[in-house]
Amino acid sequence: MSEEAEEDALFVRPFIMTGGRAEPMHDGLRLETLVVAVPEPPPATLEFERRRIVTLCAQPTTVAEVAAGIGVPLGVAKVLIADLVVGGLLVCQQPKELPLHVLERIRDHVRAL
């Protein structure tokens, strides 16, 4: 099997990750919204991208950084993050004003998408 064929075989369509949903269950997630995992370990039943998100969010992480970190479009990341917020595994924090270095990091991650 060629390298390109192997990559295609491993690719998971975004709508499969979200169960076909395009709208998040939790409203209000923005690029700069900080999400952080609750201190408890994630349940063993948590699979794939959701487990990666919880691990990535051990420290406060923006929605944009999560999308870039797991390599999915922003809309997909919002749906997955919202599921985890509703499930009690992540907590959202809306910053009142973002420091310049955070804005620059968001800009760089959005460009990378």
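A brief report on the enclosed structure follows. (Residues numbered from 1 in each chain as written. Predicted model: local features only at pLDDT ≥ 70, side-chain atom pairs only at ≥ 80, totals over all residues. Heavy atoms only, no water.)

## Some remarks on the pattern of salt bridges
One side chain can pair with another of opposite charge once the charged atoms of both are near each other. Rule in force here: A pair is scored as a salt bridge if a Lys or Arg side-chain nitrogen falls within 4 Å of a carboxyl oxygen belonging to Asp or Glu. Runs of E in the DSSP output that reach at least two residues are strands. Runs of H or I that reach at least four are helices, and both are numbered from the N terminus.
A complete count under the given rule lists four salt bridges for this structure. When the shortest N-O distance is used, the salt bridge between Glu65 and Arg105 registers 2.1 Å. Placement of the pair is Glu65 in helix 4 (residues 63-70) and Arg105 in helix 6 (residues 100-112), with a sequence separation of 40 residues. When the shortest N-O distance is used, the salt bridge between Arg107 and Asp108 registers 3.2 Å.

## A closer look at the sheet that holds strand 3 (residues 90-93)
Using the following cut-off: Whether two strands pair comes down to DSSP finding at least two bridges between them.
Ordered by their spatial adjacency, three strands build an open sheet running 2-1-3, and the pairing between neighbours is antiparallel. Edge strands, defined here as strands with exactly one partner in the open sheet, are strand 2 (61-62) and strand 3. For strand 1 (residues 34-37) and strand 2, the ladder comprises two bridges, and the chain directions are antiparallel. Opposite Leu34, over in strand 2, you have Thr62 as the bridge partner.

## A short note on the pairing of strand 1
Where strand 1 meets strand 3, four bridges bridge the pair, whose relative direction is antiparallel. Across the sheet, the residue bridging to Ala37 is Leu90, located in strand 3.

## Topic: helix 4
We apply this condition: Exposure is judged per residue with a 1.4 Å probe applied to protein chains only, and the accessible area is read against the type maximum: over 50% gives exposed, under 20% gives buried, and values in between give partly exposed. The contact criterion used throughout is that any non-hydrogen atoms of two residues lie within 4.5 Å.
Of all eight residues that make up helix 4, six are buried, and the element is covered over most of its length. Looking at the buried residues of helix 4, the elements they touch are strand 1, helix 3 (48-56), strand 2, helix 5 (74-86) and helix 6. The positive-phi residue at the C-terminal boundary of helix 4 is Gly71, with phi of around 70°.

Read these as spatial facts, not as claims about activity.
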